[in-house]
Each structure stands twice: as C-alpha cells, then as structure tokens.
Amino acid sequence: MPPARSTQQRRAITLAFCLAHARRRFFEVHKPTRSPVAAAALARFAAIYAIEARIRGTSARERVAIRQAETRLLFDILKPWLKDRLAEISVKAPLARAIRYTLGHWDGLTMFLRDGRVEVDNNTVERTIRPIALGRKNALFAGAASGGQSWAVLASLINTAKLHDLDPHAYLADVLDRMVSGQTKNNAVRELLPWVWKATQATRTAAA
C-alpha cells in the first residue's frame with residue numbers, strides 16, 4: 001500500500017479545466033435557440049482559440065508570455081461580461097447554467113494562462129482515449145486489477161507512440177523483440193520508451 005500523502009503534497013496539485021467543455025455549453029444553448037448572448041460568448045471563445053492556434057508548437061515559455069500579454073485581457077473582459085449577462089436572465093435558463101459553469105470553474109479554466117505547459121483544453125487526450133473507451137468491452141478479459149493495470153500500460157504505450165508519429169505495431173514488435181532477445185537489459189528499459197526509441201531509430205537511419 002503506498003504511503004499516505006501529506007496535506008502539503010495534496011495541496012500542490014492544481015486542477016486545470018477544459019475550456020472546450022465551457023464553450024460546448026454555450027454551443028448547446030445557441031444551436032436550438034440562436035441566443036445572441038450565447039453567440040457572443042462563442043465569438044469570445046473563438047478569439048481565445050485563435051491565439052492558441054497561432055502559438056501552437058512554440059515553447060512553454062513563449063506560450064505563457066503571449067497568453068499573459070494577449071489572452072489574459074480577453075479573460076479579464078469576459079468575466080464581468082458573463083456576470084452582467086447572468087444578472088439579466090432567469091436563473092433556471094440553460095444559458096444561466098452555462099454561465100454559472102464557466103464562472104464556477106474560472107480558476108481551473110484560466111490555469112493555462114499561468115503555465116505554458118498546460119493546454120487550453122483536453123481535446124487531444126479525449127481524441128486519443130476515444131478508441132479505448134469505445135472498445136472497453138473488449139478489455140473485459142483483464143479479469144483482475146493487475147490485468148487492468150497491464151492493459152492501461154499497454155494502451156498508454158500505444159497512444160504515446162501515436163502521439164510521436166510512430167507505427168504502434170512496428171514500435172511494439174521491435175520493443176518486444178529487444179526485450180525477449182536480451183538486446184535491451186532490464187536496467188535499460190527506458191531506452192524503449194517511444195520518444196527515446198524514435199530518436200535512436202533516427203540516429204541509426206542517419207548513420208546507415
């Protein structure tokens with residue numbers, strides 16, 4: 001059993017919420033009602049995403065600098081605007097629920113402004129795990145907690161390989177061959193992690 005974490009360690013974890021979830025709530029209001037307030041909110045979210053699209057692929061330091069210089073202002077304007085709109089509508093309206101969700105998760109939704117490593121949303125993760133979620137019945141063979149953990153490790157390796165533009169089948173075939181044949185020792189398993197394996201393969205190709 002792992003040792004219990006101290007209160008200080010637990011407090012060190014900061015939650016980052018997904019802006020796409022907040023945006024989706026306004027979209028779900030706008031689609032059937034054509035609400036001008038929901039449309040205006042979507043336009044404000046679009047401006048935030050336009051900045052994110054522009055800085056995609058840059059370093060964490062560059063991203064946080066631009067977010068502080070440009071995106072923070074959009075959020076500073078958005079918050080009082082949402083509060084003013086909330087005061088004008090029924091508390092039971094779907095639009096009010098969308099606004100309350102956004103305001104209620106404000107600190108987590110703005111976490112990415114303070115840390116360039118944090119994404120604006122978790123869409124990439126959701127797209128990556130969707131095949132796993134859709135095929136979860138196929139994982140019933142796990143049969144026990146240990147089997148579930150092994151499946152989680154394998155799924156993580158496969159999807160990490162995909163994120164590094166690797167062919168999962170070719171990657172796993174080579175990794176398993178190296179482990180079974182003894183080419184890679186137990187104390188050097190880190191060399192088989194997708195990003196390390198990819199760099200090694202590139203070096204070998206260049207030297208050939």
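Everything numeric in this text was worked out from a predicted model, so none of it was measured.

Peer 1: So what's going on with the side chain of T71? Which residues, and what values?
Peer 2: Tracing the backbone through its elements, the reader meets T71 in helix 4 (residues 60-86). Discounting chain neighbours no more than four positions away, the residues touching T71 are I48, I51, I66, F112 and L113.

Peer 1: An account of the environment of A47 is requested, with residue identities and associated values reported.
Peer 2: Among the secondary structure elements, A47 is positioned in helix 3 (residues 36-55). We classify A47 as partly exposed; its relative accessible area is 31%. Remark: the alpha-carbon pair of A47 and L74, spanning 27 residues in sequence, is separated by 8.1 Å.

Peer 1: Outline unusual backbone geometry, supporting the account with residue identities and numerical values.
Peer 2: Phi is positive for R34, close to 55°, though the residue is something other than glycine. Along the chain, R34 falls in the loop between helix 2 (19-33) and helix 3. Even without being a glycine, D165 presents a positive backbone phi close to 60°. In this structure, D165 sits in the loop between helix 9 (145-163) and helix 10 (168-181).

Peer 1: Residue-level account of a positive patch on the surface, with values.
Peer 2: A contiguous patch of positive charge on the surface is contributed by R24, R56, R127 and R130. One can find R130 in helix 8 (residues 123-134). The partly exposed category is assigned to R130, whose relative accessible area is 44%.

Peer 1: Which residues make up helix 11 (residues 194-207), and what are the values?
Peer 2: Counted at 1.5 Å a residue, the expected span for helix 11 with its 14 residues is 20 Å, and the 20 Å between its end C-alpha atoms agrees. Next to the buried residues of helix 11 lie helix 9 and helix 10.

Peer 1: Tell me about a nonpolar patch on the surface, and please be specific about residues and values.
Peer 2: Taken together, I13, L15 and F17 make up a surface patch of nonpolar side chains, about 290 Å² in accessible area. Topologically, F17 is positioned in the loop between helix 1 (7-11) and helix 2. Relative accessible area serves as the criterion here: at 31%, F17 is assigned to the partly exposed category.

Peer 1: Describe in detail helix 3, supporting the description with residues and values.
Peer 2: Given a rise of 1.5 Å per residue, 20 residues ought to cover 28 Å, and the 29 Å separating the end C-alpha atoms of helix 3 matches this to within 8%. A38, A41, L42, F45, I48, Y49, I51, E52 and I55 are the residues of helix 3 that are buried. Looking at the buried side of helix 3, the elements it contacts are helix 2, helix 4, helix 5 (94-104) and helix 7 (111-114). Between the side-chain oxygen at the start of helix 3 and the backbone nitrogen of V37 there is a gap of 3.3 Å, and the oxygen is on S35.

Peer 1: Can you break down the packing of aromatic side chains residue by residue, with the values?
Peer 2: Ring pairs (aromatic) are described by centroid distance and by the angle formed between their planes. Taken as a whole and assessed by the stated rule, the structure comprises 4 aromatic pairs. On the numbers, 5.8 Å between centres and 65° between planes, the contact of F75 with F112 is edge-to-face. With F75 in helix 4 and F112 in helix 7, the pair connects residues that are 37 residues apart, well separated along the chain. With 5.3 Å between their ring centres and 80° between their planes, Y171 and W197 make a pair best called edge-to-face. Pair noted here: Y171 is in helix 10 and W197 is in helix 11, with a separation of 26 residues, a long-range link. Residues Y171 and W197 agree in their burial class; the two are buried. An aromatic cluster of three or more residues is present, and its members are F75, W106 and F112.

Rules used in this analysis
- In every chain, residue numbers begin from 1 and rise along the written sequence.
- Where totals are concerned, whole chains, interfaces and linings use all residues; where local detail is concerned, this predicted model gives features only for residues with pLDDT of at least 70, and gives and counts side-chain atom pairs only at 80 or more.
- Working from all heavy atoms in the structure, the side-chain values ignore hydrogens and water.
- Helix numbers and strand numbers start at the N terminus; a helix is a DSSP run of H or I with at least 4 residues, a strand a run of E with at least 2.
- In what follows, a contact means two residues having at least one pair of non-hydrogen atoms within 4.5 Å.
- Partly exposed describes any residue whose relative accessible area lies between the buried limit of under 20% and the exposed limit of over 50%, with all areas from a 1.4 Å probe on protein chains only and scaled to the type maximum.
- Excluding any residue in a salt bridge, patches collect residues exceeding 30% relative accessible area, merging like charges within 9 Å and nonpolar Val, Leu, Ile, Met, Phe, Trp and Tyr side chains within 5 Å.
- Where accessible areas are quoted, they stem from the Shrake-Rupley method and a 1.4 Å probe; at the residue level, only the protein chains shown are allowed to cover.
- In what follows, salt bridge is the name for a side-chain nitrogen of Lys or Arg lying within 4 Å of a carboxyl oxygen of Asp or Glu.
- Two residue types count as positive, namely Lys and Arg, and two as negative, namely Asp and Glu; His and chain ends fall outside the count.
- The atom standing in for a charge is NZ when the residue is Lys, CZ when it is Arg, CG when it is Asp and CD when it is Glu.
- What a helix is expected to span follows from its residue count: subtract one and scale by 1.5 Å.
- Counting of polar contacts relies on pairs of N or O atoms within 3.5 Å, with two restrictions inside protein: one atom must be capable of donating a hydrogen and the other of accepting it, and residues adjacent in sequence are counted only when both atoms are side-chain atoms.
- Only Phe, Tyr and Trp rings take part, Trp by its six-membered ring, and two of them pair if their centres are within 6.5 Å. Stacked means planes under 30 degrees apart, edge-to-face means over 60, and tilted covers everything else.

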